[in-house]
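Letter by letter, the chains look like this.
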Amino acid sequence: MTYMPSVPTEPRPAESEQPCQTNPQPDRYRRRIARILGVGAVVALGAALAFGARAHMNRDAEARATLAAARAAVPVVRTAIVKAVDTPRQIDLPGSTQAFDTATLYARATGYVARRNVDIGSRVHAGDVLAVISAPDLDQQLAQARAQLAQMQAQRVQAQTNAELAQVTNGRTSRLVRDGWSSAQQGDVDRLTFESSVAAVGVARANVMAQQAQVSRLEQLTSYERVVAPFDGVITSRHVDVGSLVAADANSGTPLFSIAHTNVLRVQVYVPQEDYFGLHDGQPAQVTVPELPGRVFHGTLARTASALQPSTRTVLAEVDVDNADGALTAGLYAIVHLKEPRIYPVVILPSAAVIFDGRGLNVAVDENGTARLHHLDLAADNGATVEVRAGLRAGDCLILNPPIGLADGMRVTTAPVANS
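Heads up: these notes are all about the structure in this document. (Residues numbered from 1 in each chain as written. Predicted model: local features only at pLDDT ≥ 70, side-chain atom pairs only at ≥ 80, totals over all residues. Heavy atoms only, no water.)

Considering the overall build of the chain
- Each helix and strand counted, the chain has four helices and 23 strands in total.
- Relative to the compact-globule value of 22 Å for 420 residues, the chain shows a C-alpha radius of gyration of 55 Å, a clear excess of over 25%.
- A principal-axis box enclosing the C-alpha atoms of the chain has dimensions of 215 × 110 × 50 Å.
- Taking all 420 residues of the chain together, the buried fraction comes to 30%.
- Partitioning the contacts of the chain with sequence separation of at least 6, the portion at a separation of at least 24 is 75%.
- Split by element, the accessible area of the chain, about 26,900 Å² in all, is 55% carbon and sulfur.
- Charged side chains in the chain number 38 positive and 40 negative. The centres of these two groups are separated by 8 Å. (Helix = DSSP H or I, 4+ residues; strand = E, 2+ residues; numbered from the N terminus. Rg over C-alpha atoms; globule rule 2.2 N^0.38 Å. Buried < 20%, exposed > 50% of the residue type's maximum accessible area, 1.4 Å probe, protein only. Contact = heavy atoms within 4.5 Å. Areas by Shrake-Rupley, 256 points an atom, 1.4 Å probe, with all protein chains shown as cover. Lys, Arg positive; Asp, Glu negative; His and termini not counted. Charge placed at Lys NZ, Arg CZ, Asp CG, Glu CD.)

Listed below in structure tokens is the structure:
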């Protein structure tokens, strides 16, 4: 066994007690990298700024060149010679057809419908019997009134006979009294009896006349048992059938039929204020219906209301249209075409030639190669065209479709002139 001498060892310091040792090599490397990146970023930013500035300068130069070229350029425009128009103006207005006459027939006799001769759509003539009402109570009243009339006529004859007898008696008595053969009292009695008989005749005649009026009234009422058409037309509605009870009452009478006279139709239109002053009664008109292409119905402006509605500034007018062939019916949408005489000449322009800006409505006119703006006073706007009352004169060279930015006094070059 070999003996090994022990070597004294120094105790290892705790880990927390070990001295801190730093390596300067990595720190210098990181600082170097940061400096390189910073320089590179500065260089890149400077290059980008230089590129942007150059591009901006190029664009600014191009814009200035374009603006200078635009200012120096003379636009080429199309023109047309304007003319004054004094021919009648075409007016197209929407309207609605209505029957010339319409009526709702009510019962004037109380009873039951015994017969019905027509239905909706039936064409009738004035005086045709549409229905018959059975009114036995009314018939009995008429028979009674006629009997009473006969009775009163007999009473009148009787009173007339008594008056004649009293007249003869009074004549005889008056002679006897004058000769002294009869008393004055008897003479007064016979005289007053005669006067009373004459008055009785007057009462009888008045009773007969009153009863005749009663009979005539009942005869008129019984005539209403036959419901007749008041005019030529077509039945548009029916409210009763055979066996229906109808009442003759002024407030709650039973409606029987509705009839419309459609041989002549009224076409109602509302004319705007701008067109009112050129219209007059008797003016010819044409009416078209979209569902009847190619058909033109001729009519006459028959009447106007002569007062504009404050809410719409329009006046109601009616055009009478002959409809003897029955091609039209009431309630249709139609278009009325009128030719209105112009009160003053106007100039008609295409709407594309009008310039609208802060100064209002203007047009450009070519005056010897220079554009001049004229302010317009419009008479009417028809959509595709406008009518000018003032601002242009016949013979002016109007610039059509003026370019954007066209200003007063700008030089222009015109294409070949066309007549408007």
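Here's the deal with the sheet that holds strand β2 (residues 84-85)
- Strand order across the open sheet formed by four strands is β2-β15-β20-β19, with antiparallel pairing between neighbours. The sheet is open, and its two borders are formed by β2 and β19 (377-381), each paired with just one other strand.
- Sheet analysis places strand β15 (residues 346-350) next to strand β20 (residues 385-390), joined by four bridges and oriented antiparallel. When the sheet's bridge partners are listed, Pro-350 is paired in β20 with Thr-385. (Pairing = 2+ DSSP bridges.)

Looking at a positive patch on the surface
- Together, Arg-28, Arg-31, Arg-32 and Arg-35 make up a region of like positive charge exposed at the surface.
- With respect to the element layout, Arg-31 can be found in helix α1 (residues 24-72).
- Taking the relative accessible area as the measure of exposure, Arg-31 reaches 48% and is therefore partly exposed. (Patch = residues over 30% accessible without salt bridge, like charges linked within 9 Å, V, L, I, M, F, W, Y side chains within 5 Å. Salt bridge = Lys/Arg side-chain N within 4 Å of Asp/Glu carboxyl O.)

Remarks on the sheet that holds strand β9 (residues 245-246)
- Pairing within the open sheet is antiparallel, and its four strands lie in the order β7-β6-β4-β9. Strands at the two margins of the open sheet, each flanked by one partner only, are β7 (226-228) and β9.
- Taken together, the three bridges between strand β6 (residues 129-134) and β7 define a ladder with antiparallel strand orientation. Opposite Val-132, over in β7, you have Arg-226 as the bridge partner.

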